[in-house]
Amino acid sequence: MTGLAEIWVYLAREPLAALTATLMAWLAAQRLHRLLGRHPLANPVLFAVALLAAGLLWSGVAYRDYFQGAQFVHFLLGPATVALAVPLYRQWQLVRQSALAAAASVVLGGVFAAASGVALAWMLDAAPEVTASLAPRSVTTPVAMGIAEQLGGLPSLTAAVVILSGIVGAALGPAVLDMVGVKDWRARGLAIGTAAHGIGTARALGVNATAGAFSGLAMGLNALATALFLPLLWRLVIG
Amino acid sequence: MIPSLTTLLACQLAGEALGRALRLPVPGPVLGMVLLFGLLLLRGRLRGRAEVPDEFGRTADALLGNLGLLFVPAGVGVVLYLPLLARDWAPLSLAVVAGTLATVAFTGRLAQWLLRP
């Protein structure tokens, strides 16, 4: 049995095992997603994260060691964000016609996202640093962490909250949009991209090309608007 | 595939450099997306051909087709904050779930109303 223990020590240290586990968890999550009829609630990001998180807790492998391997996947997030210009460009005729309405919806939606999170946290007497961590919840992780720091929040808590908001928005958002009667694919994309950033955009791209392009646009625009205005608004309101 | 990936990385790199040089609060990849979009527009204007080059479009689609996967490593990081999440679970879950879904409903209705023909 010493052989097995040695193999385990080797695998836990090398990036190969973590990278392979990440891809295998994603394939399993995608298969489950298909098996459940591509229902939005069966979100593959949620499944894969839950599977890997449970694996780390069960095996006792530290997140930092896991990330040594998973960073190769994580790195592609940058070029993929740049690539969002492609669906946007393909839908440019449609976007251009509705640019002003789209921009207004995203900016007001972004303000609503921050205000609703802060108000709900306030109602429940959350600590000030928790409230500040919740304010930039709807924007893509690197921007949100920077804003949280400026507001006196905890950037690491913000990172967790941003990911969870993205999963909630991608999984439950489509049902909410059906409930309130939003049928326009452009509006559906804008709503998901504003509230659930890239994780929502990943879902929108898989459902409808127009929704995907508008979701990517909303994600970028919301990051820009929130980064510029939230710290100013925060100082005005909180003092 | 390699020329396409190089273009994407070059746009990201230019975005990172620009963001740092001008001290913009926006991350490099988002600026890179704006740059790439500008390049595509310029190319369409100059060549009179509006389509994204085939090969480049395929690479972008391959990356974006698996966009969800790219969030998984950061998502697994939630395990680091389990104690913090457990301590403040009530405001956090209410803000995350109710706040996010209210935002979806608000933005969707507003956008549909503003976009009406």
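Residues numbered from 1 in each chain as written. Chains lettered and ligands numbered in written order. Predicted model: local features only at pLDDT ≥ 70, side-chain atom pairs only at ≥ 80, totals over all residues.

1. Comments concerning the overall build of chain A
Consideration 1: Check the secondary structure of chain A and you find 13 helices and zero strands.
Consideration 2: Element order for chain A, N to C, with α for helix and β for strand: α-α-α-α-α-α-α-α-α-α-α-α-α.
Consideration 3: Relative to the 2.2 N^0.38 estimate, which gives 18 Å for 239 residues, the radius of gyration of chain A is 19 Å and therefore close to what a compact globule would have.
Consideration 4: Over its C-alpha atoms, taken along the principal directions, chain A stretches across nearly 65 × 45 × 30 Å.
Consideration 5: Looking at the 239 residues of chain A, the share that counts as buried comes to 53%.
Consideration 6: Put simply, of all contacts in chain A between residues at least 6 apart along the chain, 61% involve residues at least 24 apart. (Helix = DSSP H or I, 4+ residues; strand = E, 2+ residues; numbered from the N terminus. Rg over C-alpha atoms; globule rule 2.2 N^0.38 Å. Buried ≥ 20, exposed ≤ 12 C-beta atoms within 10 Å, placed from the backbone. Contact = placed C-beta atoms within 7 Å.)

2. Examining the domain arrangement of chain A
Residues and elements named next belong to chain A.
Consideration 1: What the domain assignment lists for chain A is domain 1 (2–75) and domain 2 (82–238).
Consideration 2: Here the C-alpha centroids of domain 1 and domain 2 sit 27 Å apart.
Consideration 3: At the junction of the two partners, domain 1 supplies five residues and domain 2 supplies seven residues.
Consideration 4: In terms of residue class, the side of domain 1 that touches domain 2 is built from four nonpolar, one polar and no charged. (Domains from an automatic or database assignment. Nonpolar A, V, L, I, M, F, W, Y, C, P; charged D, E, K, R; others polar.)

3. As for the interface of chain B and chain A
Consideration 1: Contacts between the two partners involve 62 residues from chain B, matched on the other side by 91 residues from chain A.
Consideration 2: Listed by contribution, the elements that provide at least two residues to the side of chain B that touches chain A are α1 (2–21), α2 (28–47), α3 (54–65), α4 (67–70), α5 (72–76), α6 (82–87) and α7 (89–114) of chain B.
Consideration 3: In terms of residues, the side of chain B that touches chain A owes the most to one element, α7(B), which gives 23 residues.
Consideration 4: Grouping the amino acids of the side of chain B that touches chain A by side-chain chemistry returns 48 nonpolar, 12 polar and two charged.

4. Section: the nonpolar core
Consideration 1: Core analysis: the largest hydrophobic core is formed by 109 residues, its most contacted members being A48(A), A83(A), A85(A), I167(A), A191(A) and V72(B).
Consideration 2: Looking at this core, the element that brings in the most residues is helix α11 (residues 155–179) of chain A, giving 13 residues.
Consideration 3: Look past the residues within four positions of A83(A) in its chain and what remains in contact with it is L8(B), A60(B), L63(B) and L64(B). (Core = buried A, V, L, I, M, F, W, Y, C linked by C-beta atoms within 7 Å.)

5. Considerations on the domain arrangement of chain B
Consideration 1: The assigned domain composition of chain B is domain 1 (1–70) and domain 2 (78–117).
Consideration 2: Of note, the centres of domain 1 of chain B and domain 2 of chain B, computed from C-alpha atoms alone, are 29 Å apart.

6. Comments concerning the environment of G152(A)
Residue and element names in this part refer to chain A.
Consideration 1: Counting through the fold element by element, G152 comes out in the loop between α10 (141–151) and α11.
Consideration 2: Judged by local crowding, G152 falls into the partly exposed class, with 13 C-beta atoms found within 10 Å.
Consideration 3: Taking the C-alpha atoms as reference, G152 lies 31 Å from A54; in sequence the two are 98 residues apart.
Consideration 4: Once you skip the residues sitting within four places of it in the chain, G152 turns out to touch P128, E129 and A132.

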